[in-house]
Amino acid sequence: MRKIAGTALVLFCCLTAFCQSPVDKVRVFLDCTQGWLCDFDFVRSELKMVSFVRDRFDADVHVQVNTQNSSSGGVQAQVIFLGLRNFQGASDTLTYFNDPTTTSDDQRKKMVQYLKLGLVRFIAKTPMADHLGITLSDAAIEIAATAPRQKDPWNYWVFQFGSSGSFNGSQNNRSSNLYGYVNATQETETWKISFNLSLDRNRTIFKQDNEEIRFDQKNYSGGVSVARAINSHWSYGISSSYQNSLFRNIRTGFTLRPRLEYSIFPYEKFNNQRIVVQYFVGPVYNRYYDTTIFFKTEEFQVQQSLYMITSFNKPWGNVNLGVFWSNYFDDFEKNNLSFNGAVSWRITKGLNFGIYGYYGLIQDQITLRKGAVTRDQLLTNNRELLSSFEYNLGLGFSYRFGSVSNSIVNPRFKGLSYSVNF
């Protein structure tokens, strides 16, 4: 009797599990490091036609999202669909643009729209295709057919300005920060032009024995940059900048730098693979607050720079590396060589590893103040210090295991989420 009951119980559980098993859906791994663009909870809630998994090794389709910021403040998103398992070899790429005024809600809705468009070709090859419908409203068809070609009244120029401030203190100290900026950019297929101006001022006051000690830091800067495309591999341009920095001992600083860039891969592939070499050369004029360690109160130099930048976005991870060199013509020993980069790697199912770092050899601190550094200046960090090198290094890993599916969204006790952008 127990054997019959046990058999019946097993049979009941199997039938129940079978009846409750979901219709086979395309399993999708969404690979997007830009959390503000890919709202995962929203995407999973809106895309019920697929099943999201937590690891690409369990997926039928690997969706990789790459972004590139435009000089106007907008974001170009490239959504790459890579077929795995039964869809091996199938791939597609969709590209769209979010202008600077697009709200975060519109951005996530647009992301969902393009995810749907790209996943249709994969769903169409499954039994779910019988339940798939594609529609376009009559109004949209009529508008597309009759709308005249629009002319941009701003001629692709985008202007932006903003400011922010903070104030805090206690019985023993108080501080304030004021920041403001103005930007103007124009970006076309051939030209890239930008203007910028910013002001950043910090003041800290300490009270001790009825005496106030004040420390100020200020940085005013501005610049103009013009670049023109020659073809799909070459570009040239010129840039100029102004700086006033108490921290760096620069009362007035001007640069003028013609520049040249070569891209090994065509520029249209920049989202996935990029290797570029950049060369800058031009005059530098500085007038100082205090006499420098080279006994200069002002000077005129010619500086050159050579950069090599590499970026790859692949299904297994990302690579971003750069080598940067610069020197002054009057003395090649006044130079700067730095290495900067980050690598992330999905080693195996659920296991991810990342490393980032920077190392710089510094021999070009021509703006340093002459004289000893006081303890107060050292503690408040309001003066640039002599150093022959600087570095930072970070690494980490993560490992996830458990349920493969992550399509369910439960918003309970999620907590407060907000952001403030100036």
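Let me sum up the structure you'll find in this document. (Residues numbered from 1 in each chain as written. Predicted model: local features only at pLDDT ≥ 70, side-chain atom pairs only at ≥ 80, totals over all residues. Heavy atoms only, no water.)

Within the protein chain, the regular secondary structure consists of five helices and 17 strands. Across the protein chain, every contact between residues at least 6 apart in sequence was considered, and the portion connecting residues at least 24 apart equals 57%. (Helix = DSSP H or I, 4+ residues; strand = E, 2+ residues; numbered from the N terminus. Contact = heavy atoms within 4.5 Å.)

Here the focus is the nonpolar core. Val61, Val63, Val65, Phe81, Leu115 and Leu119 are the most contacted members of the largest nonpolar core, which totals 29 residues. Considering every element that reaches this core, the biggest residue donor is helix H3 (residues 104-123), with seven residues. Apart from residues lying up to four places away in sequence, Val61 is in contact with Val26, Arg27, Val28, Phe29, Phe81, Leu82, Phe87, Leu119 and Phe122. (Core = buried A, V, L, I, M, F, W, Y, C linked by side-chain atoms within 4.5 Å. Buried < 20%, exposed > 50% of the residue type's maximum accessible area, 1.4 Å probe, protein only.)

This part is about the packing of aromatic side chains. In total, this model carries 15 aromatic pairs according to the counting rule given. Between the aromatic rings of Phe206 and Phe215, the centroid separation amounts to 6.1 Å while the plane-to-plane angle is 70 degrees, which identifies the pairing as edge-to-face. With relative accessibility at 14%, the residue Phe215 sits in the buried group. Three or more aromatic residues joined by ring pairs form one cluster here, namely Trp154, Trp157, Phe159 and Phe195. The ring of Phe57 has Arg56 sitting right over it, with the charged end atom 4.5 Å from the ring centre. (Phe/Tyr/Trp six-rings, centres within 6.5 Å; stacked < 30°, edge-to-face > 60°. Lys NZ or Arg CZ within 6 Å of the ring centre and 35° of its normal.)

This next bit is on the pairing of strand E14 (residues 317-328). Direction of pairing for strand E13 (residues 298-314) relative to E14: antiparallel, over a ladder of 12 bridges. If you follow Lys314 over to E14, its bridge partner there is Gly317. In terms of strand pairing, E14 meets strand E15 (residues 331-348) through 12 bridges, oriented antiparallel. Residue pairing for E15: Val319 is matched across the bridge by Val343. (Pairing = 2+ DSSP bridges.)

Spatially, five strands are ordered E2-E1-E3-E4-E5 in an open sheet, and the strand pairing comes out mixed. Each of the sheet's edge strands pairs with one partner strand only, and the pair in question is strand E2 (50-52) and strand E5 (91-98). Here the strands of the sheet are splayed against their neighbours by 25 degrees on average, with no regard to which way each runs. Across eight bridges, strand E4 (residues 75-83) lies against E5 in antiparallel orientation. Bridge assignment links Leu82 to a residue of E5, and that residue is Ser91. In this fold H3 packs onto strand E1 (26-31), E2, strand E3 (61-69), E4 and E5, with an angle of close to 165 degrees to the strand it touches most, E5. (Axes fitted to C-alpha atoms, helices over the stretch in contact; angles between N-to-C directions.)

The next thing to look at is unusual backbone geometry. The backbone phi angle of Asn249 is positive, close to 70 degrees, even though this residue is not glycine. You can see Asn249 is positioned in the loop between strand E10 (234-245) and strand E11 (250-263). Positioned with a positive phi, Phe295 is a non-glycine residue whose angle comes to about 60 degrees. In this structure, Phe295 sits in the loop between strand E12 (273-288) and E13. Overall, the relative accessible area of 62% leaves Phe295 in the exposed class.

This paragraph deals with the pattern of salt bridges. Tallying each qualifying case throughout the model produces eight salt bridges. Across the salt bridge formed by Asp290 and Arg369, the nearest N and O atoms sit 2.9 Å from each other. Of this pair, Asp290 sits in the loop between E12 and E13 while Arg369 sits in the loop between strand E16 (351-362) and helix H5 (375-380), and the two are 79 residues apart along the sequence. Judged by relative accessible area, which is 12%, Arg369 ranks as buried. (Salt bridge = Lys/Arg side-chain N within 4 Å of Asp/Glu carboxyl O.)

Turning our eyes to something else, we now look at the layout of surface pockets. Roughly 820 Å³ of internal volume is contained in the second largest pocket. If you trace the second largest pocket, you find 39 residues lining it, with Arg248, Gln303, Ser326, Tyr328 and Asp364 closest to the centre. Where the lining of the second largest pocket is concerned, the elements lending two or more residues are strand E9 (211-229), E10, E11, E12, E13, E14 and E15. By residue number, the principal contributor to the lining of the second largest pocket is E11, which donates six residues. (1 Å grid on protein atoms, 1.4 Å probe; cavity = no way out; pocket = protein on both sides within 12 Å on 5 of 7 lines; lining within 4 Å. Points joined across faces, edges and corners; volume = space filled by probe spheres on them.)

Turning next to H3. Its 20 residues place the ends of H3 28 Å apart at the C-alpha level, agreeing with the 28 Å of an ideal helix rising 1.5 Å per residue. Looking at H3, one finds that the buried residues are Gln107, Met111, Val112, Tyr114, Leu115, Gly118, Leu119, Phe122 and Ile123. Buried residues belonging to H3 abut E1, helix H2 (40-46), E2, E3, E4 and E5. (Expected span 1.5 Å × (residues − 1).)

All right, on to the side chain of Gln303 then. Locating Gln303 in the fold gives a position in strand E13. Exposure remark for Gln303: the relative accessible area of 12% places this residue in the buried category.

Our focus in this paragraph is the sheet that holds E10. Spatially, 12 strands are ordered E6-E7-E8-E9-E10-E11-E12-E13-E14-E15-E16-E17 in an open sheet, and the strand pairing comes out antiparallel. Only two strands of the sheet have a single partner each, and these edge strands are strand E6 (157-169) and strand E17 (389-399). Sheet twist, expressed as the average angle between the axes of neighbouring strands with direction ignored, equals 10 degrees. Pairing of E15 with E16 involves 12 bridges; the strand directions are antiparallel. Within E16, the position partnered with Val343 by the bridge is Ile355.

Looking along a regular strand, one sees the side chains alternate between the two faces of the sheet. The loop that links E14 with its antiparallel partner E15 comprises two residues. The hairpin formed by E15 and E16 contains two residues between the paired strands, and Gly350 there has a positive phi angle of roughly 85 degrees.

Moving on, we come to the environment of Glu333. Mapped onto the fold, Glu333 is located in strand E15. The spacing of Glu333 and Asp364 is 31 residues in sequence and 7.8 Å in space, taken between C-alpha atoms.

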